[in-house]
Structures are given as structure tokens and as C-alpha cells.
Amino acid sequence: MSFPATSQPRRPAQPGAGLDVKIFATAVLLTFGVGLLGMVGWALLGSGFGAVLGLAAGGFGVYWWRSLHGQVFAQNLPTRSVIILLVVNVVLAGALLLLAT
């Protein structure tokens, strides 16, 4: 049994909606997390200087995220990283709520 010489190569798998959802969730969570860091800094120090420090920490966090995944919004982003980012945001929001009372 022989195969025809003009066989077509297989097309690569098309990315589904799951990839788009992960990239969108990453964009939302990174933006929200940097804002939360700014507000937590403001709440801890009680001044605009704390907010600037929090925003600077958020900028370094995004830089670290980029060095970890190769891009800020990577095409092959593991779901585990998005879940960890969600947990970090929930912890920051909880800390902000505790500091506000």
C-alpha cells in the first residue's frame, strides 16, 4: 500500500476561544492588580507617596510577568498563571478592605 505523493500537509490547530479568554482575563487582572497595589500603598502610608510606591511595585510586577512568560500577553499562557494572578488580586482586595476599616 502506498500513499499518494501529493498529500496535503495538516493544518495547525486553530486557537479556540479559550486562548482569547485567558488573554482578556490576564489584561483585566494585571490592570486591576496594579490599581489595587496603588490603593493598598495609599492605605498603608496614608499619602500619595504610598500610591506612587504601589504603582511602581505594580510596574515591576508587570515587568516580572513579562520576563516569566516572554510577553505580557503570551500566546501560550498557562491557565495556572491566570489562576494565580486571580488569587493575588483577591488577596490584595481583601487586604485593602481590611485596611479600610
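Residues numbered from 1 in each chain as written. Predicted model: local features only at pLDDT ≥ 70, side-chain atom pairs only at ≥ 80, totals over all residues. Heavy atoms only, no water.

Trainee: Please clarify how the overall build of the chain should be interpreted in this entry.
Mentor: Looking only at helices and strands, one finds three helices and zero strands in the chain. Element order for the chain, N to C, with α for helix and β for strand: α-α-α. The buried share of the chain, taken over its 101 residues, is 23%. Here the chain has roughly 7500 Å² of accessible surface; of this, 71% comes from carbon and sulfur atoms. (Helix = DSSP H or I, 4+ residues; strand = E, 2+ residues; numbered from the N terminus. Buried < 20%, exposed > 50% of the residue type's maximum accessible area, 1.4 Å probe, protein only. Areas by Shrake-Rupley, 256 points an atom, 1.4 Å probe, with all protein chains shown as cover.)

Trainee: It is not clear to me how the confidence of the model for the chain should be interpreted in this structure. Could you clarify?
Mentor: In low-pLDDT segments, the atomic positions of the prediction should not be examined closely. Of all residues in the chain, 85% attain a pLDDT of 70 or more, and the chain-wide mean is 86. Looking over the chain, one finds the lowest element-wise mean pLDDT in helix 1 (residues 17-45), namely 91, and the highest in helix 3 (residues 79-100), namely 93. (pLDDT = per-residue confidence, 0-100.)

Trainee: I would appreciate a short explanation of the packing of helix 1 against helix 3 in the present structure.
Mentor: Between helix 1 and helix 3, whose axes approach to 9 Å, the crossing angle comes to 25°. As summarised for this structure, helix 1 and helix 3 are arranged roughly parallel, according to the angle between their axes. Both helix 1 and helix 3 take part in a crossing whose hand is left-handed. (Axes fitted to C-alpha atoms, helices over the stretch in contact; angles between N-to-C directions. Parallel < 35°, antiparallel > 145°, perpendicular 65-115°, else oblique. Left-handed = near helix turned anticlockwise from the far one by under 90°.)

Trainee: For this particular structure, what's the right way to read the nonpolar core?
Mentor: Side chains of a nonpolar character, in soluble globular proteins, are inclined to be buried together. Counting six residues, the largest nonpolar core is built from L29, L30, W65, L77, V82 and L85. Contributing elements (two or more residues each) for this core: helix 1 and helix 3. (Core = buried A, V, L, I, M, F, W, Y, C linked by side-chain atoms within 4.5 Å.)

Trainee: It is not clear to me how helix 2 (residues 48-69) should be interpreted in this structure. Could you clarify?
Mentor: Because an α-helix completes one turn every 3.6 residues, residues spaced three or four positions apart along the sequence face the same direction. Its 22 residues give helix 2 an end-to-end C-alpha distance of 32 Å, which sits within 8% of 32 Å, the value for a rise of 1.5 Å per residue. What helix 2 keeps buried is the set G50, A51, G54, G58, W65 and H69. All buried residues of helix 2 project into a common sector of 100° when viewed along the axis, lining one side. With respect to the buried face of helix 2, the exposed residues turned more than 90 degrees away are F49, V52, F60, Y63, W64 and S67. Residues of helix 2 that are buried sit in contact with helix 1 and helix 3. (Expected span 1.5 Å × (residues − 1). Arc of directions from axis to C-beta. Contact = heavy atoms within 4.5 Å.)

Trainee: I'm lost on helix 3 in this one. Help?
Mentor: In a regular helix each residue adds 1.5 Å, so 22 residues correspond to 32 Å; helix 3 covers 32 Å between its end C-alpha atoms and thus fits that length. Those residues of helix 3 that sit buried are S81, V82, L85, N89, L92 and L96. Down the axis of helix 3, the sector holding all buried residues measures 100°, keeping them to one side. In helix 3, the exposed positions that point more than 90 degrees away from the buried face belong to R80, V90, V91, L97 and L98. Residues of helix 3 that are buried make contact with helix 1 and helix 2.

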